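Fold and geometry: a report
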Amino acid sequence: MSAAEARSREYPVRVIYLGGLGRSGSTLLERLLGELPGVCACGEVVHLWQRGVTGNERCGCGLEFSACVFWKQVGKVAFGGWDKVDTDRIGYLKDAVDRTRMIPRLSRRAGPSSRLQSDLAEYSGNFLRVYRAIADVSGCDAIVDSSKHASLAFCLSSRPEIDLRVIHVVRDSRAVAYSWTTKVARPEASRSGQESPDSYMTTYSPSKAAAHWNAQNGALQLLARRGTPVLRIRYEDLIQSTEQTLRRAATFAGLPEGDLSLPFLHAEGDKPYAQLTAAHTASGNPMRFTTGRLPIRGDDRWRSVMPDKQRRTVTALTFPLLRSYGYLGRAA
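Because the structure is a prediction, the values reported are computed rather than measured.

This part takes up the pairing of strand β3 (residues 142-148). Judged by how many residues are buried, β3 sits mostly within the fold: seven of seven residues are covered. Here β3 shows two buried faces, one formed by Ala142, Val144, Ser146 and Lys148 and the other by Ile143, Asp145 and Ser147. When strand β1 (residues 13-19) meets β3, the two strands line up parallel, connected through five bridges. Across the sheet, residue Arg14 finds its bridge partner in β3, namely Ala142. Two strands pair when backbone bridges link them, and strand β2 (residues 39-41) and β3 are joined in this way by three bridges, in the parallel orientation. The partner of Val39 across the bridge, within β3, is Ala142.

Glancing now at the sheet that holds strand β5 (residues 230-234). If you walk across this open sheet you meet the five strands as β2-β3-β1-β4-β5, and the pairing is parallel. The sheet is open, and its two borders are formed by β2 and β5, each paired with just one other strand. Mean inter-strand twist for the sheet, computed between neighbouring axes without regard to direction, equals 25 degrees. Sheet analysis places β1 next to strand β4 (residues 162-170), joined by seven bridges and oriented parallel. Looking across to β4, one finds that Val13 is bridged to Ile162. Packed onto the sheet, helix α2 (residues 26-33) meets β1, β2, β3 and β4 and runs at close to 150 degrees relative to β1. The strands touched by helix α12 (residues 242-252) within the sheet are β4 and β5, with β5 carrying the most contacts at an inclination of about 170 degrees.

Thresholds, definitions, all that
Residues numbered from 1 in each chain as written. Predicted model: local features only at pLDDT ≥ 70, side-chain atom pairs only at ≥ 80, totals over all residues. Heavy atoms only, no water. Buried < 20%, exposed > 50% of the residue type's maximum accessible area, 1.4 Å probe, protein only. Helix = DSSP H or I, 4+ residues; strand = E, 2+ residues; numbered from the N terminus. Pairing = 2+ DSSP bridges. Axes fitted to C-alpha atoms, helices over the stretch in contact; angles between N-to-C directions. Contact = heavy atoms within 4.5 Å.

Okay, here's the thing in structure tokens:
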């Protein structure tokens with residue numbers, strides 16, 4: 001063990017975990033946070049094992065996972081090389097502990113059963129090793145994991161070695177439901193121009209998207225009640241008040257205020273944009289490949305193209321939380 005590695009183990013590794021249902025703006029927030037000094041944005045680490053280690057999909061830098069020097073070094077520091085990782089075992093452990101249906105057991109104050117506790121310790125330990133390696137290789141004090149899954153946040157909250165700060169990203173349920181009905185390409189999954197079964201992101205019906213929206217957002221509220229630091233940020237506020245919202249997130253994450261000059265945020269008249277550098281993100285929304293100018297603008301297509309019946313259905317299914325978050329004329 002190197003002196004740097006030994007020192008890193010004396011202190012908890014700080015993880016800024018972006019939670020919520022996909023299509024809620026977490027990738028935009030991750031990319032912006034990743035431009036701050038001392039912050040390393042690493043994508044959806046929950047998919048690292050299958051899409052990176054096994055699938056060799058492209059990193060956000062554009063290279064295949066196996067060719068990316070950053071991830072090569074992370075694997076070496078964490079495990080002695082990615083070839084030493086039993087991804088089948090991690091997949092088994094994920095099925096055993098990292099599922100929405102497991103949240104009631106993971107949230108019990110008395111703690112999970114001995115078998116579940118053993119699987120949980122082994123599963124979360126793999127993430128801990130990756131986080132520590134990312135911190136060592138990047139030299140950053142904080143890591144952004146945009147995995148989003150509430151169940152993984154519960155798993156990580158069991159590790160005292162992780163200084164977990166959860167940013168709960170929410171968006172109007174009707175916008176999210178509409179987005180889940182659209183076909184979005186995953187460019188990292190296509191090889192030589194050929195489509196594969198994974199070439200597109202998953203789609204949901206509006207009612208199924210509404211159910212997932214309720215489950216993920218409700219679970220993250222439960223996590224907050226169990227004592228994990230959680231900050232709720234609305235996608236709409238991130239778009240309309242980007243600088244203010246980003247400062248809130250950075251302050252919550254414990255980043256030094258002196259480093260929050262945000263020189264990557266710009267505007268041409270009333271059109272804000274961010275100037276982004278490449279990021280070593282293992283998985284996530286196609287926006288993770290964007291470098292250079294990224295316009296910061298909302299996507300409100302759902303207001304004009306979402307069928308009225310679907311809109312009414314999603315509104316009814318998500319009404320309590322939709323109102324609580326301020327989307328029905330009531331303050332959050």
